Amino acid sequence: MDAERAKVAELEANHRALSLELANAKSLELDKRRELVSASDEIEKLRMKHAKEIMELEMEVKSKTREARELADELRMVKSDLERERDSVSNLKATLSHQSTSHITLNAQINALQAQKAATQMQLDAVMTISSDRTLELETAHQRILDLEQDARESEMVRRKLHNTIQELKGNIRVFCRVRPEKGREADISFPDKRDHKEIIVSSSSSSAMGSERKEIYNFGFDRVFVPESTQAEVFEEISLLAQTCVDGYNVCIFAYGQTGSGKSFTMEGGSTEATIGMIPRAVSQVFKAAGDLKSKGWEYKMDGQFLEIYNETINDLLGKGEFDKKKHEIKHDKSGTRVTDVNVMPLPSPASVTSLLRVANSRRTVAATLMNERSSRSHSVFTLRISGTNTHTGESCEGSLNLVDLAGSERLNSSGAAGDKDRLKETQNINKSLSALGDVIAALGEKGEKGEKHIPYRNSKLTYLLQNSLSGNSKTLMILNLSPLAAHLNESLCSLRFATKVNNTMIGTAKKQIRGSS
């Protein structure tokens, strides 16, 4: 019993020891379980961290692989460039070798050229010395030429002024002769006076009744003769001094005379270019220039212009607006000069205003075709520029006028073709009548100079009555004879030359200056 109790006690003690060990084992298992859970969490975190690091490393590997690929490409390019550079260096070495040879050759050439240069420089120095001497001589000669040219110009100006003075003292009508450039078979015309240009010789040949050839030579002399090649500027140069004297208070009259087609309208009005403008615009420009030059001396000028035509003995206002032949215009002469009633007088502030005035007048002037000329002026035109000036310093005043006359063409009835046309016949008769009246006035003036008092038939035509003051000695008067060089016009040309000679020998008296002192 005791043995069984001891055994039970022992079993109980073993049971308690086992229970305690079981409890300790359970507690230990629980701790281990907790440690296992914690280790599992730690392993999961490490696994995630490891996966992340693997992914980053894979990305880095990819980047490095790409960089390696790029570096490999760049390396291939560098190797290619290096190969090219090696080739270039090789070529440059060959070129350098060649250039070295060339350099040696060039050095030799340079040395030779330097020696040549030194020799040439010595020659150049010698030439420069000679050139300096020649330049000095040339400058001296050029200055001498300029001085002589200036002396010649001054002498020519003095000669012209003296010639003008002599002609004014003589009281003659000055006459210039201008030959138109040829447009067909020419007559035998020569100009022997190559220095003073004052002579013209016309030769003609004809057959006598016996069949022998007869040659006649006609010699004429005028104040100036212009050959066909003469320009508008050369013609105006001769009359410029005369034209500008109207600013000083003189009356000036310049008229163009000649047969139909001889170039009168071209001489007076000219063409559309600067080189071909005629005497009217040039003279007006000269007057404006002379007036402008006198401004510094206290002179102030006012200028007016009128433009008339005489057609079939009727005066028409070329600046008017109404129909021709409707208004009666009368010519009046008084102490202040010549005026025509009921005509438009236009103020002229500048030379440009004269150009527009000429354009208006030309569009209204009577022109027609004849056998002598396809565009023949059938009327006399008279452009008048009136100048009045006052000196603000001295109170002195002056009045002058510039009359520029383009006469209608003179022609014979049988050569003009007008005989078969009633209107043309009347025109030609009136033109020739007025030109004949002009010849009668010139002739009477010549006889008056020789015999004293004599009646001058100014009233025989409107033309001579309008030009009375220009022809009677109160004006400086110049006639420009225009001549056709054609053989077919020879007889007309001789008639014009004879008439111009008569005019040139006519004494009309000395022009007077129209000037008044201060009141």
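Look up: the structure comes first, before these words.
Observations regarding a nonpolar patch on the surface
Point 1. On the surface, Leu 124, Val 127 and Met 128 cluster together into a nonpolar patch covering about 270 Å² of accessible area.
Point 2. Accessibility expressed as a relative area gives 40% for Leu 124, which makes it partly exposed.

Some words on the packing of aromatic side chains
Point 1. The tally for this structure, following the rule as stated, stands at four aromatic pairs.
Point 2. Judged by centre distance (4.7 Å) and plane angle (35 degrees), the ring pair of Tyr 257 and Phe 499 falls under tilted. Remark: Phe 499 occurs in helix α10 (residues 490-504) and Tyr 257 occurs in strand β6 (residues 251-258); sequence separation between them is 242 residues. Side by side, Tyr 257 and Phe 499 carry an identical accessibility label, which is buried.
Point 3. Over the face of the ring belonging to Tyr 250 we find Lys 476, whose NZ or CZ atom lies 4.0 Å from the ring centre.

Notes on the pattern of salt bridges
Point 1. Tallying each qualifying case throughout the model produces 14 salt bridges.
Point 2. Across the pair Glu 44 and Arg 47 runs a salt bridge, and its minimum N-O distance is 2.3 Å. With a gap of three residues between them, Glu 44 and Arg 47 both fall in helix α1 (residues 2-170), about one helical turn apart.
Point 3. Given a relative accessible area of 35%, Glu 44 falls into the partly exposed group.
Point 4. Its relative accessible area of 47% is what places Arg 47 among the partly exposed residues.
Point 5. The shortest N-O distance in the salt bridge between Asp 293 and Lys 289 comes to 3.3 Å. Within this pair, Asp 293 and its partner Lys 289 are both found in helix α4 (residues 279-293), separated by four residues, close to a single helical turn.
Point 6. With relative accessibility at 52%, the residue Lys 289 sits in the exposed group.

Criteria and cut-off values
Residues numbered from 1 in each chain as written. Predicted model: local features only at pLDDT ≥ 70, side-chain atom pairs only at ≥ 80, totals over all residues. Heavy atoms only, no water. Patch = residues over 30% accessible without salt bridge, like charges linked within 9 Å, V, L, I, M, F, W, Y side chains within 5 Å. Areas by Shrake-Rupley, 256 points an atom, 1.4 Å probe, with all protein chains shown as cover. Salt bridge = Lys/Arg side-chain N within 4 Å of Asp/Glu carboxyl O. Buried < 20%, exposed > 50% of the residue type's maximum accessible area, 1.4 Å probe, protein only. Phe/Tyr/Trp six-rings, centres within 6.5 Å; stacked < 30°, edge-to-face > 60°. Helix = DSSP H or I, 4+ residues; strand = E, 2+ residues; numbered from the N terminus. Lys NZ or Arg CZ within 6 Å of the ring centre and 35° of its normal.

Such coordinate-based values are descriptive only and should not be taken to indicate function.
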